[in-house]
Amino acid sequence: MVTARNRPDRVAVIADGFQNTGDSAWLPGVPLFTLPEARDDVGRWLAADEALAPVVAIVGGRGGAGATTAAVAVARAAARRAGSSVLLDVDPLGGGVDLALGAESVAGPRWPDLAELTAAITPRWLLSAMPTVDGVSFVSHARRGGAARPGSGSAVDDAVVATVVDTCAAAVPVVVLDLARPGSTAALVALSRCTTLVVVVPAEVRACAAAAAVLAEYGAGTADVRVLVRGPSPGGLAGEDVAHAVGVSAFDEVRSELGISAALERGLPVAVSTRSPLRRWATTFVDSLPELRG
């Protein structure tokens, strides 16, 4: 199980006396560099990390908080802002980001179809294979009877998740993760790559308590942690109250939208109207991220 943070994938073997440079036989997926022949390759490998895109993980403070719709809104905003983005579904029990994108029927691999990926995959190949709608390339979990191979199941190998996140972060302006709540090792692996964590919290007392528990598991090791408060509050909680209860100083507020539930029921994309509060929040949020590659 991989639980280390701050890009634990940035590991290589540098050795003397081997004939070839490639993957090390005893550490699959970890590059092996032979010196002095591969000196230039080592330099390029060290420099590659500097170009990685922001990786935004969005998780619900409680079930049904609206993390998936928030993740979709951010991915769409990033695509509008920078031309493209990637949205990765790291919540096997969340219902699927393809439904929230209105893209269930769009052809392309889902997680089970990527089970054989290795760290040697090229960003160009992966992005060209991924299903894409409105500039958002995505990988969703397959539902029974869906696009995945029969019997492939819903579990995703941790190493495959790491490979996909890292490959996409090297190729697009923003990677957005629809993250499962604590309990998934794949979510921990994905979280270890994130630069910003957003916890979506309805303005309710019990939701605040649940979100605090989520942050106790997920908050350590991520420098930029924010709360998105979903209103209205049945008990009159203000955004400041929710943020204080959860233990995070940075927060935004957005009111609920009746149109989101209706769009999801009809298989339509969510938060696309320019009048949508969620879309407006997502646009502002993306603008707050470090300068994006376009």
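### So, the sheet that holds strand S9 (residues 196-202)
The strands making up a sheet associate through hydrogen bonds between their backbones, and the pairing can be parallel or antiparallel. Read from one edge to the other, the open sheet built from eight strands follows the order S6-S7-S5-S8-S4-S9-S10-S11, with strand pairing classed as mixed. With partners counted over all chains shown, the strands left at the sheet margins are strand S6 (132-133) and strand S11 (251-255), one partner each. Sheet topology note: the strand S10 (residues 224-231)/S11 ladder contains five bridges and is parallel. When the sheet's bridge partners are listed, Leu228 is paired in S11 with Asp252. Here helix H7 (residues 205-218) sits on the sheet and contacts strand S4 (55-60), strand S8 (175-179), S9 and S10; the angle it forms with S9, its principal contact strand, is near 160°.

### Some thoughts on unusual backbone geometry
The omega torsion of the bond from Gly231 to Pro232 falls at 0°, within 30 degrees of zero and hence cis. Relative to the helices and strands, Pro232 resides in the loop between S10 and helix H8 (239-246). Positive phi is not limited to glycine here, since Asp134 has a value of about 50°. The topology assignment puts Asp134 in the loop between S6 and strand S7 (136-139).

### Looking at the side chain of Ser140
For Ser140, the location among the structural elements is in the loop between S7 and helix H5 (158-169). What makes Ser140 buried here is its relative accessible area of 0%. Separated by 3.4 Å, the side chains of Ser140 and Asp89 make a polar contact. Among the polar contacts listed, one links the side chain of Ser140 to the side chain of Asp98, at a separation of 3.2 Å. Those residues in contact with Ser140, other than ones at most four positions away along the chain, are Asp89, Gly96, Val97, Asp98, Arg110 and Trp111.

### Overview of the pairing of S7
Along S7, one buried face is formed by Val136 and Phe138 and the opposite face, lined by Ser137 and Val139, is buried too. As judged from the four bridges shared by strand S5 (residues 85-90) and S7, these two strands associate in the parallel manner. From the neighbouring strand, Val86 faces S7, where its bridge partner is Ser137. Strand direction decides the pairing type here: S6 and S7, joined by two bridges, are antiparallel. By the bridge assignment for S7, Val133 is matched with Val136.

Rules used throughout
Residues numbered from 1 in each chain as written. Predicted model: local features only at pLDDT ≥ 70, side-chain atom pairs only at ≥ 80, totals over all residues. Heavy atoms only, no water. Pairing = 2+ DSSP bridges. Helix = DSSP H or I, 4+ residues; strand = E, 2+ residues; numbered from the N terminus. Contact = heavy atoms within 4.5 Å. Axes fitted to C-alpha atoms, helices over the stretch in contact; angles between N-to-C directions. Buried < 20%, exposed > 50% of the residue type's maximum accessible area, 1.4 Å probe, protein only. Polar contact = N/O pair within 3.5 Å; in protein donor to acceptor, adjacent residues only side chain to side chain.

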